[in-house]
Amino acid sequence: MPDTADLTLYLAAPRGFCAGVDRAIRIVEMALEKWGAPVFVRHEIVHNKFVVDALRAKGAVFVEELDECPPDRPVIFSAHGVPKSVPEAARAREMIYVDATCPLVSKVHIEAERHFEAGLQLVMIGHAGHPETVGTMGQLPPGEVLLVETEADVATLAPRDESRLAFITQTTLSVDDTAGIVAALQARFPAIIGPHKEDICYATTNRQAAVKAMAPEIDALLVIGAPNSSNSRRLVEVGQKAGCAYAQLVQRATDIDWRALQGARAIGITAGASAPEVLVNEVLDAFACRYNVTVKQVQTATENVEFKVPRVFREASA
Ligand code: 10D
Ligand code: SF4
């Protein structure tokens with residue numbers, strides 16, 4: 001029997017696609033237009049199965065490593081960034097490649113290099129094995145970047161010279177957890193140099209702020225996003241820490257555990273930076289089929305960031 005109880009859905013804004021994701025998807029689409037299929041993409045262009053499947057249907061082929069690509073087809077590097085060795089290998093094989101790394105991730109790469117050139121050793125706050133962390137650490141020679149994932153890791157760091165250190169971060173971390181790690185770094189290494197402007201990006205920050213703002217109003221939170229999406233998973237944690245007893249990641253409407261939501265009268269909905277709005281609408285429709293829904297938008301910021309695609313496509317469309 002459908003439950004026709006009243007339900008308020010609090011819809012976070014901003015949510016969903018950020019400028020870096022939008023640009024990366026456009027790059028794959030434009031590459032397919034320019035060179036035809038197949039176009040190879042190293043790693044999921046963004047961490048979302050729906051996006052990847054849609055591009056695959058248009059002729060994109062997703063691989064994990066460059067040596068899985070034939071040398072005579074174009075290859076695109078995902079929005080998360082790649083170690084320096086990857087474009088080097090592509091050049092050595094004389095491949096056409098397009099780097100879809102988000103400009104805000106590239107900014108961190110440049111920061112790392114600048115500190116290295118100034119003779120500083122780097123501490124990176126990030127998640128081990130995540131492609132962005134692998135890519136950023138891979139901007140410098142092995143051993144030049146020390147990884148910390150938690151405040152506890154700070155105590156065991158063994159830098160070359162405690163007075164010659166700088167830190168950088170992954171762009172999609174929890175704003176609050178990172179502040180704790182930074183404080184621990186500064187307490188142990190008072191001379192450590194930080195970024196001029198926060199490495200955690202505007203999109204990550206804004207999506208977390210919107211979840212915090214809606215948390216007092218809601219009984220449960222659904223975050224639309226993929227299990228391998230760092231920024232989406234952080235939104236679930238932010239919801240939990242802000243007091244949501246039930247905060248769950250769902251890839252799409254079919255993942256919703258309706259039983260777990262029974263009794264809830266106010267539910268928050270948001271979407272990670274790689275989750276398309278069509279999936280948000282699918283989730284809203286699924287609620288509308290089961291409840292008498294009122295939707296309230298919780299808007300904590302407006303975003304107007306847009307990134308240009310690489311010149312190779314701008315020239316083509318000029
Ligand atoms: O896992 P993640 O949050 O880093 O990536 P996702 O593809 O889900 O979202 C876009 C974020 C990027 C490309 C890293 F900045
Ligand atoms: Fe760029 Fe931030 Fe989006 Fe990552 S989450 S792609 S850093 S805008």
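Sequence positions are assigned chain by chain, starting from 1 and proceeding in written order. Numbering of ligands from 1 and lettering of chains from A proceed in the order in which they are written. In keeping with the model being predicted, local features are shown solely for residues with a pLDDT of at least 70 and side-chain atom pairs are shown and tallied solely at 80 or more, while totals for entire chains, interfaces and linings include all residues. Computation of side-chain values covers all heavy atoms of the structure but excludes hydrogens and water.

1. Considering the site of ligand 1
Phase 1 of the analysis: Residues in close proximity to ligand 1 total 15 residues, the closest being His47, Ser229, Ser230, Asn231 and Ser274.
Phase 2 of the analysis: Pairs of N or O atoms are called polar contacts if they sit within 3.5 Å, as long as, within protein, a hydrogen donor faces a hydrogen acceptor (for residues adjacent in sequence, only side-chain-to-side-chain pairs). In the environment of ligand 1, an oxygen atom lies 2.6 Å from a nitrogen or oxygen atom belonging to the backbone of Ser230.
Phase 3 of the analysis: When ligand 1 is considered free in solution it has 380 Å² of accessible area, and contact with the protein chains removes 96% of it.
Phase 4 of the analysis: Of the residues in the shell around ligand 1, the class split is four nonpolar, 10 polar and one charged. Throughout this document, a residue counts as near a molecule or strand when at least one of its heavy atoms sits within 4 Å of that molecule or strand. Methods summary: accessible areas were calculated by the Shrake-Rupley approach with a probe of 1.4 Å, and residue burial reflects only the protein chains presented. For this classification, the nonpolar set comprises Ala, Val, Leu, Ile, Met, Phe, Trp, Tyr, Cys and Pro, the charged set comprises Asp, Glu, Lys and Arg, and every other residue, Gly included, is treated as polar.

2. Comments concerning the nonpolar core
Phase 1 of the analysis: Throughout, nonpolar core names a set of buried Ala, Val, Leu, Ile, Met, Phe, Trp, Tyr and Cys residues whose side chains join them through atoms within 4.5 Å. Relative accessible area decides the class of each residue, using a 1.4 Å probe on protein chains only: under 20% of the type maximum gives buried, over 50% gives exposed, and in between gives partly exposed. Counting 31 residues, the largest nonpolar core has Val28, Ile45, Leu55 and Ile76 as its most contacted members.
Phase 2 of the analysis: Mapped by element, the contributors of at least two residues to this core are α1 (19–35), β2 (39–42), α2 (49–58), β3 (60–63) and α8 (202–214).
Phase 3 of the analysis: If one sorts the elements of this core by residue count, α1 sits on top with eight residues.
Phase 4 of the analysis: Annotation comment: domain bounds sourced from an automatic or database domain assignment. Counting contributing residues, this core receives three or more from each of domain 1 (6–17 + 202–299) and domain 2 (19–102).
Phase 5 of the analysis: Note on definitions: a residue-residue contact is assigned when non-hydrogen atoms from the two residues lie within 4.5 Å. When neighbours within four sequence positions are excluded, Ile76 is seen to be in contact with Ile27, Val28, Ala31, Val39, Phe40, Val41, Arg42, Ile45, Val98 and Ala100.
Phase 6 of the analysis: Membership of the second largest hydrophobic core comes to 24 residues, among which are Leu9, Val250, Leu261 and Tyr291. For the purposes of this entry, the term helix denotes a DSSP run of H or I that reaches at least four residues, the term strand denotes a run of E that reaches at least two, and both are numbered from the N terminus.

3. A short note on the site of ligand 2
Phase 1 of the analysis: Near ligand 2, the surroundings consist of Cys18, Gly20, Cys102, Leu104, Val105, Thr171, Cys201 and Tyr202.
Phase 2 of the analysis: Taken together, the residues that form the shell around ligand 2 break down as six nonpolar, two polar and no charged.

4. Here's the deal with the sheet that holds strand β9 (residues 220–224)
Phase 1 of the analysis: Spatially, five strands are ordered β10-β9-β11-β1-β12 in an open sheet, and the strand pairing comes out parallel. Taken across any chain shown, the strands that pair with only one partner, and hence form the sheet edges, are β10 (246–250) and β12 (292–299). Neighbour-to-neighbour, the strand axes of this sheet turn through a mean angle of 25°, independent of strand direction.
Phase 2 of the analysis: At least two bridges found by DSSP between two strands is the condition for calling them paired. Judged from the five bridges that link them, β9 and strand β11 (residues 266–271) form a sheet pairing that is parallel. Bridged to Leu222 within β11 is Ile269.
Phase 3 of the analysis: Convention adopted: a line fitted to C-alpha atoms gives each axis, helices being fitted over their contacting stretch, and angles between N-to-C directions are expressed from 0 to 180 degrees. Contacting β1 (6–13), β9, β11 and β12, α8 runs over the sheet at an angle of about 150° to β1.

5. Details of the pattern of salt bridges
Phase 1 of the analysis: The term salt bridge refers to a side-chain nitrogen of Lys or Arg lying within 4 Å of a carboxyl oxygen of Asp or Glu. Throughout the structure, instances matching the rule amount to 15 salt bridges.
Phase 2 of the analysis: A salt bridge links Lys212 to Asp176; the shortest N-O distance between them is 2.7 Å. With Lys212 in helix α8 and Asp176 in helix α7 (residues 175–188), this pair connects stretches of sequence that are 36 residues apart.
Phase 3 of the analysis: Of the residues examined, Lys212 reaches a relative accessible area of 36% and is grouped as partly exposed.
Phase 4 of the analysis: Here Asp176 falls in the partly exposed class, since its relative accessible area comes to 46%.
Phase 5 of the analysis: Linked through salt bridges whose partners overlap, the residues forming this network are Lys49, Asp53 and Arg56.

6. What to know about the packing of α8 against helix α9 (residues 230–241)
Phase 1 of the analysis: Packing of α8 against α9 brings their axes to within 9 Å, and their N-to-C directions diverge by 30°. Between α8 and α9, the angle falls in the class roughly parallel. The crossing of α8 and α9 is right-handed. Residues Thr204, Arg207, Gln208, Val211 and Lys212 of α8 form the contact with α9, whose own contacting residues are Asn231, Arg234, Leu235, Val238 and Gly239.
Phase 2 of the analysis: In terms of residue class, the contact of α8 with α9 is built from three nonpolar, four polar and three charged. Working definition: roughly parallel below 35 degrees, roughly antiparallel above 145 degrees, roughly perpendicular at 65 to 115 degrees, and oblique for all remaining angles. What makes a crossing left-handed is the near helix being turned counterclockwise from the far one by less than a right angle; a clockwise turn instead makes it right-handed.

7. Observations concerning α8
Phase 1 of the analysis: In this analysis, the expected span of each helix is defined as 1.5 Å times one less than the number of residues it contains. Here α8 is 13 residues long and its end C-alpha atoms lie 19 Å apart, about the 18 Å a rise of 1.5 Å per residue gives.
Phase 2 of the analysis: Of all the positions in α8, only Tyr202, Ala203, Thr204, Asn206, Arg207, Gln208, Ala210, Val211 and Met214 are classed as buried.

8. Quick look at the domain arrangement of the protein
Phase 1 of the analysis: For the protein, the assigned domains read domain 1 (6–17 + 202–299), domain 2 (19–102) and domain 3 (104–188).
Phase 2 of the analysis: In this structure, domain 1 and domain 2 have C-alpha centres spaced 30 Å apart.
Phase 3 of the analysis: Facing 13 residues of domain 1, the contacting portion of domain 2 comprises 10 residues.
Phase 4 of the analysis: Buried area is calculated as the accessible area (1.4 Å probe) missing from two parts once they are joined, with the contributions of both summed. Surface buried jointly by domain 1 and domain 2 totals about 900 Å² across both partners, of which 60% is contributed by carbon and sulfur atoms.
Phase 5 of the analysis: The three residues of domain 1 that bury the most area against domain 2 are Phe17, Asn228 and Ser274, which together make up 48% of that side's buried surface.
Phase 6 of the analysis: Viewed at the interface, domain 2 and domain 1 are joined by zero salt bridges.
Phase 7 of the analysis: Partitioned by chemical class, the residues of the side of domain 1 that touches domain 2 number eight nonpolar, four polar and one charged.

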